[in-house]
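Examining the three-dimensional arrangement
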There are 2 protein chains.
Amino acid sequence: MIESILFDLSGVLYDGDQVIPGAQQAVQRAQRSGIEVRFITNTSQKTRQNLLLHLHSLKFAVEETQLFTAVDAARQWLRQRNLRPFCLVHENIIGEFADFDQHNPNAVLIADAAEGFHYHSLNRAFQLCIAGAPLLGIGYNRYFKSGDQLVLDAGAFIKTIEFGAGVEAVIVGKPSVEFFKQVVASTSARPEHTLMVGDDVFGDVEGALNVGLQAALVRTGKYRPGDEDKVSGDFNTVDSVTEAVELALNNRG
Amino acid sequence: MIESILFDLSGVLYDGDQVIPGAQQAVQRAQRSGIEVRFITNTSQKTRQNLLLHLHSLKFAVEETQLFTAVDAARQWLRQRNLRPFCLVHENIIGEFADFDQHNPNAVLIADAAEGFHYHSLNRAFQLCIAGAPLLGIGYNRYFKSGDQLVLDAGAFIKTIEFGAGVEAVIVGKPSVEFFKQVVASTSARPEHTLMVGDDVFGDVEGALNVGLQAALVRTGKYRPGDEDKVSGDFNTVDSVTEAVELALNNRG
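Given the structure is predicted, the values throughout are model-derived calculations rather than measurements.

What counts, and at which threshold
Residues numbered from 1 in each chain as written. Chains lettered and ligands numbered in written order. Predicted model: local features only at pLDDT ≥ 70, side-chain atom pairs only at ≥ 80, totals over all residues. Heavy atoms only, no water. Contact = heavy atoms within 4.5 Å. Buried area = accessible area lost by both parts, 1.4 Å probe. Salt bridge = Lys/Arg side-chain N within 4 Å of Asp/Glu carboxyl O. Polar contact = N/O pair within 3.5 Å; in protein donor to acceptor, adjacent residues only side chain to side chain. Helix = DSSP H or I, 4+ residues; strand = E, 2+ residues; numbered from the N terminus. Nonpolar A, V, L, I, M, F, W, Y, C, P; charged D, E, K, R; others polar. Domains from an automatic or database assignment. Phe/Tyr/Trp six-rings, centres within 6.5 Å; stacked < 30°, edge-to-face > 60°. Buried < 20%, exposed > 50% of the residue type's maximum accessible area, 1.4 Å probe, protein only. Lys NZ or Arg CZ within 6 Å of the ring centre and 35° of its normal. 1 Å grid on protein atoms, 1.4 Å probe; cavity = no way out; pocket = protein on both sides within 12 Å on 5 of 7 lines; lining within 4 Å. Points joined across faces, edges and corners; volume = space filled by probe spheres on them. Pairing = 2+ DSSP bridges. Axes fitted to C-alpha atoms, helices over the stretch in contact; angles between N-to-C directions. Arc of directions from axis to C-beta.

Comments concerning the interface of chain B and chain A
By a frequent convention, interface size equals the accessible area lost on bringing the separate parts together. Taken together, the contacts link 30 residues of chain B with 30 residues of chain A. Taken over both partners, the interface formed by chain B and chain A buries close to 2700 Å², and the fraction arising from carbon and sulfur atoms is 65%. The three residues of chain B that bury the most area against chain A are Tyr119, Leu152 and Phe163 of chain B, which together make up 31% of that side's buried surface. Our count for the chain B to chain A interface comes out at zero salt bridges. In this structure, the connection of chain B to chain A is made through 13 residue pairs in polar contact (both at pLDDT 80 or more). If you list the elements that add at least two residues to the side of chain B that touches chain A, you get helix H4 (119–130), strand E9 (143–146), strand E10 (149–152) and helix H5 (154–165) of chain B. For the side of chain B that touches chain A, the element with the highest residue contribution is H5 of chain B, accounting for eight residues. Residue composition of the side of chain B that touches chain A, grouped by class: 16 nonpolar, nine polar and five charged.

Given below as structure tokens:
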């Protein structure tokens, strides 16, 4: 019984500037059916505003309040603790943290910094962490699809620092339990009546299952054959978001 | 009962160009006592030849056959399998792999590449590994001391690729069981009569204990207070290599 769908963005609705075939119609069908929808992403190469513009340019009718991003969760976490972050983030989103004091940092934030990941920046993060700074990670994703290649995502570099410094990161965004709970709480559906649709078998599927959601793994985006065997638990593997929505509509609450 | 001592190099005998006070005398004392000595290192910023020159310039009487390096172990491992490595190694040791065909690589080697670790080189390693290339790591050290700073070592970047690609590296050098066994086999002492002296509680101490050696953790080099609590097992923590040799001589075989 599905009353709400959480859509991952990249790899589920689009790849870069290319809409996944059928994705616009699938989202529209869900919206018209009265199922509640939310859009949740760990992407940290675009600001919230640019994400919304991108979605709208691709003809996805996403409302501002329906979009939940890991970058927002990171801002919130740092703000609540009044921390001065050393930000290993993409140049596109540096502005999202411009209102934080970043002198003499006492926290480390790792997002998808791309070229910003190099020996010196990673050593700086490491040195702050062994001196006691908390490590905050945006998502724990291993890799993502960029053009026709898979490339390392923030999770792999969070792991670099976790292992090097012997610390454990606080993860915001997927698969953080708090993040999923926050998104579900914004709907009127219970977790077990909520379907997460994603292309990352760990961040999307395993994360959702851990919080008691239902989950569908799509065979688009970063999906690779065999991914469905990497996580145990009860979930569906479907060709694309079209089939995921079909599944949800066939199991309406 | 100690019949043989394995000395780690950096942090135990010297820091950069500075001899650890008393280290020359300690090694000499061990050598004159008839205890067998070996020198074992994961360092991958110097060739074997330069390591020997460095040791001799610091007045350590190390014979060529007494030096065991992780770089040699890596060469051997790749050669035995006739592999074409993508080498993420320090510029100083590129020549050590010059006799390998490195076109169209079908293996990944990660050593301490320092500035050679950047987004593109790590992505290349990741992409080869998800395509099935084995991942070979020189040591699994988390960090080392460079000048008066701790900096990330190869282990942290091996972890990046292991997590990103979902693979497990083959580790040569410490704490690999094969490496310790090979060094011990070059002596006439049994493992339980062999003392490993190191400043890395994981690579040196835990590694040695896992193979049934005795171990002493020195409070020099990268040692940080509390390190001795990070590993369980029976080992001594001593002020320096001087005290470690003293301990061995007091427990002569």
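Examining the domain arrangement of chain A
Residues and elements named next belong to chain A. Taken domain by domain, chain A holds domain 1 (4–42 + 177–249) and domain 2 (72–172). The C-alpha centroid of domain 2 is placed 25 Å from the C-alpha centroid of domain 1. Contact residues are listed per partner, giving ten residues for domain 1 and eleven residues for domain 2. At the boundary of domain 1 with domain 2, total buried surface from both sides reaches about 900 Å², with 47% on carbon and sulfur atoms.

So, the packing of aromatic side chains
In the structure shown here, the tally under the stated rule is 14 aromatic pairs over all chains. Both rings, one in phenylalanine 117 of chain A and one in phenylalanine 157 of chain A, keep their centres 3.8 Å apart while their planes meet at 10 degrees; by these two values the pair is stacked. Of this pair, phenylalanine 117 of chain A sits in the loop between strand E7 (107–110) and helix H4 (119–130) while phenylalanine 157 of chain A sits in helix H5 (residues 154–165); the two residues are 40 residues apart in sequence, bridging distant segments of the chain. The class for phenylalanine 117 of chain A is buried, based on a relative accessible area of 1%. In this structure an aromatic cluster arises from ring pairing among Phe117 and Phe157 of chain A together with Tyr119 of chain B. Here the basic side chain of arginine 79 of chain A rests over the ring of phenylalanine 100 of chain A, its NZ or CZ set 4.0 Å away from the ring centre. The positively charged end of arginine 142 of chain A is found above the aromatic ring belonging to phenylalanine 163 of chain B, 4.3 Å away from the centroid.

Some remarks on empty space enclosed by the protein
All names here are of chain A. For the structure on display, the rule yields two cavities of 30 Å³ or more. Reported here for the largest cavity is a volume of approximately 100 Å³. Lining the largest cavity are Tyr140, Asn141, Arg142, Tyr143, Asp199, Asp200, Val201, Phe202, Gly203, Lys222, Asp227 and Lys230. Examining the composition of the lining of the largest cavity, we find that three residues originate from one element, helix H7 (residues 201–210), more than from any other. Split by domain, the lining of the largest cavity shows at least three residues from each of two domains, domain 1 (4–42 + 177–249) and domain 2 (72–172). The volume enclosed by the second largest cavity comes to roughly 50 Å³.

Describing the environment of alanine 30 of chain B
All names here are of chain B. Relative to the assigned elements, alanine 30 resides in helix H1 (residues 23–33). In this structure alanine 30 comes out as buried when scored by relative accessible area, which is 0%. Taking the C-alpha atoms as reference points, alanine 30 and threonine 242, separated by 212 residues in sequence, lie 9.8 Å from one another. Dropping the residues within four chain positions of it, alanine 30 is found in contact with Ile5, Phe7, Ile35, Val37 and Val245.

Section: the sheet that holds E7 of chain A
Residue and element names in this part refer to chain A. Strand order in the open sheet formed by four strands is E6-E7-E8-E11, and the pairing between neighbours is parallel. At either margin of the open sheet sits one strand with a lone partner, and together these are strand E6 (85–88) and strand E11 (170–172). Averaged over neighbouring strand pairs, the angle between their axes works out to 20 degrees when direction is ignored. Bridge count for strand E8 (residues 135–138) against E11 is three bridges, and the pairing is parallel. Among the inter-strand pairings, glycine 137 is bridged to a residue of E11, identified as isoleucine 171. The strands touched by helix H3 (residues 70–80) within the sheet are E6, E7, E8 and E11, with E8 carrying the most contacts at an inclination of about 160 degrees. Sitting on the sheet, H5 is in contact with E7, E8 and E11, with an inclination near 165 degrees to E8.

Topic: H1 of chain B
Residues and elements named next belong to chain B. What H1 keeps buried is the set Ala23, Ala26, Val27 and Ala30. Down the axis of H1, the buried side of the element spans an arc of 95 degrees, and every buried residue falls inside it. Those residues of H1 that are buried lie in contact with strand E1 (4–8), strand E3 (18–19), strand E4 (36–41) and helix H8 (241–249). Directly beyond the C-terminal end of H1, a positive phi value near 95 degrees is found at glycine 34.

What about the side chain of arginine 48 of chain B?
Residue and element names in this part refer to chain B. As for its placement among the helices and strands, arginine 48 is situated in helix H2 (residues 48–57). Here leucine 67 takes part through its backbone oxygen, which lies 3.0 Å from a polar atom of the side chain of arginine 48. Contacts of arginine 48, omitting those with residues within four sequence positions, involve Glu64, Leu67, Thr69, Asp72 and Glu96.

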